[in-house]
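Observations on chain architecture
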Number of protein chains: 2
Amino acid sequence: MVNESDKAEKMTAALRKAGIRVTRQRIALLGVIADADDHPDAVELHDRARAVEPSVSLATVYRTLSVLEEQGVVHRHSFEGGGARFETAHEEHHDHILDVDTGEVIEFQSDKIEQLQDEIARELGYEVVHHRFELYCRKVRRS
Amino acid sequence: MVNESDKAEKMTAALRKAGIRVTRQRIALLGVIADADDHPDAVELHDRARAVEPSVSLATVYRTLSVLEEQGVVHRHSFEGGGARFETAHEEHHDHILDVDTGEVIEFQSDKIEQLQDEIARELGYEVVHHRFELYCRKVRRS
DNA sequence: TCTATCTTTGAGAATCGTTATCATTCTTAT
DNA sequence: ATAAGAATGATAACGATTCTCAAAGATAGA
């Protein structure tokens, strides 16, 4: 069972190993990201981090998110409308459904999609470096 | 066989039918979009349109593209990196491969993908409004 | 623990793509 | 030809993000 403080510790360990300094501001942000079970944007993360450590600026949030992304511990998603949203890089690859009414993000995983896209690319003489697969959806309501 | 001037005529007809005025600037832009067989961005379209009709401003390019998108005759794609890119709305739905080395856009169509995404959404209680499926790829080179 | 080095920081300016403002010009139906 | 209203160019404003730079802080070593 991986809890939130384990996640934060793993991320700080990754930073230390890469020779990147672990500052008060970064500790605060890592805690906030580890705790998040949604997909917050930079401003939202800034608000949450400031509640823990008031001396965190938005510039530092952006800078740290870029560092964490480079280290592969955080993923950035630029969904339609609004700014980028972030999540901890958990091991299983997944794609996203976006509820167009609520903005909620739901994760899903499909092996078929993964193999299908490789097939499609190969057939055209390409290999997939990465992909974007986002379903903009509406909840089905039963009568 | 649908040639480029047919495309432009269809688009102007769509505008007229919707009570939207057909100006010199819009005619120029429609011609340019109909001729394009790539996926140009707004600045590129502005450059091409100015070559035909010098009195086209970038603001009008953006405004007209929004109008054309609302009318469903043009599609806008926000691929990773850089601004939005545009194409005429041809009848067959398709998705895109992006060559990460050259920036080139290749279109492809897959019925399997379409039905698979509907399945995935339905299973989670959603119906797909629209989707984004982009493969960021590299050309496979044979030795 | 003290220092030296070198990274990170906050504040705000700058950037990029895009949209809004507004007075003037142009399309279109009459 | 004319009136009414839509579209225009120029430029300001915008939102998200990155950059700049002097000041503060983290880390390794003595």
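Look a little higher up for the structure.
What this report covers is the structure whose coordinates are included nearby. (Residues numbered from 1 in each chain as written. Chains lettered and ligands numbered in written order. Predicted model: local features only at pLDDT ≥ 70, side-chain atom pairs only at ≥ 80, totals over all residues. Heavy atoms only, no water.)

Concerning the pairing of strand β4 (residues 105-108) of chain B
Residue and element names in this part refer to chain B. Convention followed: Strands were regarded as paired on the criterion that DSSP finds at least two bridges between them. Counting from the N terminus, the helices are DSSP H or I runs at least four residues long and the strands are E runs at least two residues long.
In this structure, strand β3 (residues 95-99) lies alongside β4, joined through 4 bridges in antiparallel fashion. From the neighbouring strand, isoleucine 97 faces β4, where its bridge partner is isoleucine 106. The turn linking β3 back onto β4 is made up of 5 residues, and glycine 103 within it adopts a positive phi angle of 85°.

Focus: the relation of the copies chain B and chain A
Rules: When the copies are superposed, the least-squares fit draws on C-alpha atoms of residues that have pLDDT of at least 70 in both. Contacts were defined at the residue level, with two residues in contact if any of their heavy atoms lie within 4.5 Å.
Rotating chain B by 180° and moving it 0.0 Å along the rotation axis overlays it on chain A with an RMSD of 0.0 Å. Each copy turns onto its partner about a two-fold axis. Measuring from the rotation axis to each C-alpha of chain B, the shortest distance belongs to Phe133(B), at 2.3 Å. Mapped onto chain A, 100% of the interface residues of chain B are again interface residues, and the two copies thus contact each other with one and the same surface.

Things to note about the sheet that holds strand β4 (residues 105-108) of chain A
Hydrogen bonds between backbone atoms are what pair the strands of a sheet, whose relative direction is either parallel or antiparallel. Basically, it comes down to this: Orientation is described by axes fitted as lines to C-alpha atoms, over the contacting stretch for helices, and by angles from 0 to 180 degrees between their N-to-C directions.
One open sheet holds the 6 strands; their spatial order is β4(A)-β3(A)-β5(A)-β5(B)-β3(B)-β4(B), and the pairing between them is mixed. The open sheet has two edge strands with one neighbour each: β4 of chain A together with β4 of chain B. Looking at each pair of strands side by side, their axes are set apart by 25° on average, direction ignored. Running at roughly 130° to strand β5 (residues 126-139) of chain A, helix α5 (residues 111-123) of chain A makes contact with β3 (95-99) and β5 of chain A together with β3, β4 and β5 (126-139) of chain B of the sheet. Each of β3, β4 and β5 of chain A together with β3 and β5 of chain B touches helix α5 (residues 111-123) of chain B; the most contacted strand, β5(B), lies at about 130° to it.

Some thoughts on the interface of chain B and chain A
By a frequent convention, interface size equals the accessible area lost on bringing the separate parts together. Defined as follows: Two parts placed together each lose some accessible area under a 1.4 Å probe, and the buried area is that loss summed for both. Note on definitions: salt bridges are taken to be side-chain nitrogens of Lys or Arg within 4 Å of carboxyl oxygens of Asp or Glu. Here a polar contact is recorded for every N or O atom pair within 3.5 Å, except that within protein the pair must consist of a potential hydrogen donor and a potential acceptor, and residues adjacent in sequence are included only if both atoms are side-chain atoms. Each residue receives one of three labels: charged for Asp, Glu, Lys and Arg, nonpolar for Ala, Val, Leu, Ile, Met, Phe, Trp, Tyr, Cys and Pro, and polar for the others, Gly being one of them.
Across the boundary between the two partners, chain B contributes 33 residues, which contact 33 residues of chain A. Summing the contributions of chain B and of chain A, the shared interface buries around 3100 Å²; its carbon and sulfur component is 67%. For the pair chain B and chain A, the number of links is 2 salt bridges. Between Glu134(A) and Arg132(B) there is a salt bridge whose closest N-O contact spans 2.9 Å. Inspection of the chain B/chain A interface yields 14 residue pairs in polar contact (both at pLDDT 80 or more). Here the side of chain B that touches chain A is composed, by residue class, of 18 nonpolar, 6 polar and 9 charged. Note that β5(A) and β5(B) share 13 bridges and pair antiparallel. From the neighbouring strand, Tyr126(A) faces β5(B), where its bridge partner is Lys139(B).

A few points about the protein's contact with DNA strand D
Spelled out, the test is: It suffices for a single heavy atom of a residue to lie within 4 Å of a molecule or strand for the residue to be listed as near it.
Taken together, 20 residues form the shell around DNA strand D, and within it Tyr62(A), Arg21(B), Ser55(B), Ser57(B) and Thr60(B) come nearest. Among the atoms of DNA strand D close to the protein, meaning within 4 Å, 62% are from sugar or phosphate groups. Here a phosphate oxygen of DNA strand D and a backbone polar atom of Ala84(A) are 2.9 Å apart. Separating a phosphate oxygen of DNA strand D from a side-chain N or O atom of Ser57(B) is a distance of 2.6 Å. Of all the secondary-structure elements, those providing two or more residues to the surface near DNA strand D are α4 (58-70) of chain A together with α2 (24-35) and α4 (58-70) of chain B. Split by residue class, the surface near DNA strand D holds 7 nonpolar, 7 polar and 6 charged.

What about the protein's contact with DNA strand C?
Around DNA strand C, the surrounding shell holds 20 residues, and the nearest of these are Ser55(A), Ser57(A), Thr60(A), Arg21(B) and Tyr62(B). Restricting attention to atoms of DNA strand C within 4 Å of the protein, one finds that 71% of them are sugar or phosphate atoms. A distance of 2.7 Å separates a phosphate oxygen of DNA strand C from a polar atom in the side chain of Ser57(A). Contact between DNA strand C and Ala84(B): a phosphate oxygen at 2.8 Å from a main-chain N or O atom of the residue. Every element with two or more residues in the surface near DNA strand C is listed here: α2 (24-35) and α4 of chain A together with α4 of chain B. The class makeup of the residues in the surface near DNA strand C is 7 nonpolar, 6 polar and 7 charged.

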